[in-house]
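Close look at the chain arrangement
These are the residues of each chain, in order.
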Amino acid sequence: MPQTKQPGNAPLRLDRETVAGLPARSAQAHKGDFGHVLVVGGDLGTGGAVLLSAEAALRCGAGLVSVATRPEHVAAGLARLPEVMCLGVSSANQLVSVLERASVLVVGPGLGQAAWGRSLLSAVANADQPQVWDADALNLLARTPLALPSGSILTPHPGEAARLLGISTEAVQADRPGAARKLARRYASVCVLKGAGSLVADPSGRLALCERGHPAMAGAGLGDVLTGVLGALLAQGQDAWRAACLGVWLHACAGERLGVEGRGLAASDLAPVIRELLEEHSACQA
Ligand SMILES: NC(=O)C1=CN([C@@H]2O[C@H](COP(=O)(O)OP(=O)(O)OC[C@H]3O[C@@H](n4cnc5c(N)ncnc54)[C@H](O)[C@@H]3O)[C@@H](O)[C@H]2O)[C@@H](O)CC1
Ligand SMILES: Nc1ncnc2c1ncn2[C@@H]1O[C@H](COP(=O)(O)OP(=O)(O)O)[C@@H](O)[C@H]1O
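Residues numbered from 1 in each chain as written. Chains lettered and ligands numbered in written order. Predicted model: local features only at pLDDT ≥ 70, side-chain atom pairs only at ≥ 80, totals over all residues. Heavy atoms only, no water.

Our focus in this paragraph is the UniProt feature "binding site: (6S)-NADPHX" (unreviewed entry) in the protein chain. Within the UniProt annotation, "binding site: (6S)-NADPHX" (unreviewed entry) is assigned to Ala49, Gly110, His157 and Asp224. Discounting residues that sit within four places of it in the chain, Gly110 has contacts with Gly41, Gly42, Asp43, Thr46, Ala49 and Asp136. Structurally, Asp224 is set in helix 9 (residues 222-235). The residues touching Asp224, leaving out its near neighbours within four places in the chain, are Ala49, Leu52, Ser53, Pro109 and Asp134. (UniProt positions renumbered as here; feature names shortened; annotations may be inferred. Contact = heavy atoms within 4.5 Å. Helix = DSSP H or I, 4+ residues; strand = E, 2+ residues; numbered from the N terminus.)

Structurally, the position occupied by Ser122 is in helix 4 (residues 115-125). Residue classification places Ser122 among the partly exposed positions, given a relative accessible area of 34%. Placed 16 residues apart in sequence, Ser122 and Val106 show a C-alpha to C-alpha distance of 13 Å. (Buried < 20%, exposed > 50% of the residue type's maximum accessible area, 1.4 Å probe, protein only.)

Near ligand 1, the surroundings consist of 19 residues, among which Gly110, Asp136, His157, Arg163 and Asp224 are the closest. With respect to ligand 1, the side chain of Asp136 contributes an N or O atom lying 2.5 Å from an oxygen atom. Separating an oxygen atom of ligand 1 from a side-chain N or O atom of Arg163 is a distance of 2.9 Å. For the shell around ligand 1, the secondary-structure elements that each account for two or more residues are helix 1 (48-59), helix 5 (135-141), helix 6 (158-165) and helix 7 (169-174). Class assignment for the residues of the shell around ligand 1 results in six nonpolar, ten polar and three charged. (Near = heavy atom within 4 Å. Polar contact = N/O pair within 3.5 Å; in protein donor to acceptor, adjacent residues only side chain to side chain. Nonpolar A, V, L, I, M, F, W, Y, C, P; charged D, E, K, R; others polar.)

Let us now look at the confidence of the model for the protein chain. Residues at a pLDDT of 70 or more form 97% of the protein chain, whose mean pLDDT is 96. Across residues 1-5 the pLDDT falls below 50, and counting only partners more than four positions away or on other chains, this stretch makes 13 contacts in the model. Among the scores for the predicted complex, ipTM is 0.97 and pTM is 0.97. (pLDDT = per-residue confidence, 0-100.)

Attention shifts here to the side chain of Asp202. If you trace the backbone, Asp202 turns up in the loop between strand 9 (199-201) and strand 10 (207-209). By relative accessible area, Asp202 is classed as buried at 6%. Within the local environment of Asp202, its side chain forms a polar contact with the side chain of Ser204, the two groups lying 2.8 Å apart. Excluding residues that lie within four positions of it along the chain, Asp202 makes contacts with Ala184, Ser189, Val190 and Trp241.

Let's shift gears to the nonpolar core. By size, the foremost hydrophobic cluster in this structure holds 60 residues, and its most contacted members are Leu14, Ile153 and Val200. The dominant element in this core, judged by the number of residues it contributes, is helix 10 (residues 240-259), at 13 residues. Non-local contacts of Val200, meaning those with residues more than four positions away in its chain, are made with Leu14, Val190, Cys191, Val192, Arg206, Leu207, Ala208, Trp241, Ala244, Cys245 and Val248. The next biggest cluster of nonpolar side chains, apart from the first, holds 42 residues, and it includes Val89, Ala102, Ala180 and Tyr187. (Core = buried A, V, L, I, M, F, W, Y, C linked by side-chain atoms within 4.5 Å.)

Following this line, the structure appears as structure tokens:
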């Protein structure tokens, strides 16, 4: 299990044995048992990012999934993902009722950094459900003092980590464990530092390393998929550390499985493969 003792300062290596799984579902299970993930983002021009996240949340077993995005994106969202409740929001006050119904919040994919994204992020930051912050939520966090509620996960790529730490991307890459641990401590959250050899750090200094993955994953939207995976695992009762370790490992193994087909991996190809891998690791029915 990820809580396994680590020798000295060495990171825990994530693999099938060290990653804790989801419990099997009872035969009486119903959708209310598996949480409600709300994905917030998708400003004009980046509407696909929230759909990638929502699709991944759905395919990883969240009971309910909602998206709050620009009203202009609702029709496309419903056409692509009829299972997802897609709400058009022009301002943060329209978020209030859906925020109350969600058990986990994912914020940032395609959010943008203009007034619309900033106001939505403030509303999300005031909610107390566990959250996953990515992309523009992190870019806004780098220039606005906001606190993440306990049990949350941030998922910077090296560029975002550099903005949060006020250093260069090269400096982040030169000491990835240091950067991940610093961000986890600073934001009192679990930090996933993405890129080849993704790291998971928690505020107590725990560190895990994922050596799986594939260079075919170097493409648009792969990070958006990861946010949905993490949201779904939190919604199914995993704490932030366990969700991050399992989610990062599943995502990287799926990239590896698809990477053998070569370049041109589309982010939306990942969700069904992550589903397959999750079932191989943690069967739905005992
Ligand atoms: N279909 C969509 O709607 C998509 C929307 N996206 C959104 O577009 C917005 C901008 O995000 P971006 O991440 O493209 O922009 P950023 O400018 O934040 O990041 C890109 C830069 O970060 C650095 N970087 C990232 N990963 C690195 C690594 N592994 N090693 C070294 N350097 C690394 C590089 O300098 C890279 O050019 C976000 O809101 C994002 O969610 C993207 O996720 C792409 C897909
Ligand atoms: N060379 C690589 N090896 C392993 N994983 C990679 C590689 N390149 C990208 N990834 C993974 O793909 C995802 C890319 O996320 P991100 O940079 O946020 O992209 P986007 O913002 O376009 O969604 C991360 O989870 C990262 O770890």
